[in-house]
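Next come the chains, spelled out residue by residue.
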Amino acid sequence: RTDPVETILTALRADPTDSRTLPEWSARLGVDEGLLHKRFVAATGQSFPRWRGQLRMTLARAYLEEGFSAGETARRLGYAHASGFTKVFIGAHGMSPRDYQRRGWRGTVEGLIDS
């Protein structure tokens, strides 16, 4: 039987627009939610929402470095509006996506997720 945490990690790396919550994953995988939360923290060192946010920001930086606009990056990550993505990006990095494209990763404090 496949490890449920690995199932989630693989799915979200492949499709960061997947907006399922941990309770939804729990129901989908037939695993107790509390146990799944504990396993997730043990495997990643962080809660599910924090890990997913960091994954999205890691991918956002990669997309921006590839030259995608903030709007296209937001769409690829499952944000309904570019403005929402920009707000989250500024909160995580202390700079706008456009400034990040100009200055790169220097100065960002957001952690990395291997994708």
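The structure contained in this document is the topic of the report that follows. Just so you know, these numbers come straight off a predicted model, no measurement behind them.

1. As for the overall build of the chain
Counting its secondary structure elements, the chain contains 7 helices and 0 strands. When the helices and strands of the chain are listed from N to C terminus, the series reads α-α-α-α-α-α-α. Buried residues in the chain amount to 38% of all 115 residues. Residue pairs at least 24 apart in sequence account for 54% of intrachain contacts in the chain once pairs closer than 6 positions are excluded. Split by element, the accessible area of the chain, about 6,600 Å² in all, is 50% carbon and sulfur.

2. Describing the side chain of Gln-46
Residue placement: Gln-46 occurs in the loop between α3 (33-44) and α4 (48-65). Looking at Gln-46, its side chain comes within polar contact range of the side chain of Gln-54, at 3.0 Å.

3. Points about the packing of aromatic side chains
For the coordinates displayed, the defined rule picks out 6 aromatic pairs. Centre to centre, the rings of Phe-40 and Phe-48 are 5.4 Å apart; their planes meet at 80 degrees, and the pair counts as edge-to-face. Residues Tyr-63 and Phe-68 carry aromatic rings whose centres are separated by 6.0 Å and whose planes lie at 85 degrees to one another, so their mutual orientation is edge-to-face. For Phe-68, a relative accessible area of 23% puts it in the partly exposed group. Joined through ring pairs, the aromatic side chains of Tyr-79, Phe-85, Phe-89 and Tyr-100 make up one cluster. Note that Arg-20 overlies the ring of Trp-25, its terminal NZ or CZ placed 3.8 Å from the centroid. Positioned over the ring face of Tyr-63 is Arg-76, at 5.1 Å from the centre of the ring.

4. A look at α3
Over its 12 residues, α3 runs 16 Å from end to end, which matches the ideal 16 Å to within 8%, given 1.5 Å per residue. Its side-chain oxygen 3.1 Å from the backbone nitrogen of Gly-34, Asp-32 forms the N-cap of α3. Two residues or fewer past α3, Gly-45 is found with a positive phi of approximately 80 degrees.

5. Topic: the packing of helix α5 (residues 70-77) against helix α6 (residues 82-93)
Where α5 contacts α6, the axes come no closer than 8 Å and their chain directions differ by 90 degrees. One way to sum up the angle between α5 and α6 is to call them roughly perpendicular. Between α5, through Ala-70, Gly-71, Thr-73, Ala-74 and Leu-77, and α6, the contact on the second element is made entirely by Ala-82, Phe-85 and Thr-86. Of the residues belonging to the contact of α5 with α6, the class tally is 5 nonpolar, 3 polar and no charged.

6. Considering the packing of α4 against α5
Contact geometry of α4 with α5 gives a least axis separation of 10 Å together with a crossing angle of 140 degrees. Classified by the angle their axes make, α4 and α5 are oblique. Between α4 and α5 lies a crossing whose hand is right-handed. Only Ala-70, Thr-73, Arg-76 and Leu-77 of α5 make contact with α4, whose side of the interface consists of Arg-56, Leu-59, Ala-60, Tyr-63 and Leu-64. Each residue belonging to the contact of α4 with α5 can be placed in one class, and the counts come to 6 nonpolar, 1 polar and 2 charged.

Thresholds, definitions, all that
- Residues numbered from 1 in each chain as written.
- Predicted model: local features only at pLDDT ≥ 70, side-chain atom pairs only at ≥ 80, totals over all residues.
- Heavy atoms only, no water.
- Helix = DSSP H or I, 4+ residues; strand = E, 2+ residues; numbered from the N terminus.
- Buried < 20%, exposed > 50% of the residue type's maximum accessible area, 1.4 Å probe, protein only.
- Contact = heavy atoms within 4.5 Å.
- Areas by Shrake-Rupley, 256 points an atom, 1.4 Å probe, with all protein chains shown as cover.
- Polar contact = N/O pair within 3.5 Å; in protein donor to acceptor, adjacent residues only side chain to side chain.
- Phe/Tyr/Trp six-rings, centres within 6.5 Å; stacked < 30°, edge-to-face > 60°.
- Lys NZ or Arg CZ within 6 Å of the ring centre and 35° of its normal.
- Expected span 1.5 Å × (residues − 1).
- Axes fitted to C-alpha atoms, helices over the stretch in contact; angles between N-to-C directions.
- Parallel < 35°, antiparallel > 145°, perpendicular 65-115°, else oblique.
- Nonpolar A, V, L, I, M, F, W, Y, C, P; charged D, E, K, R; others polar.
- Left-handed = near helix turned anticlockwise from the far one by under 90°.

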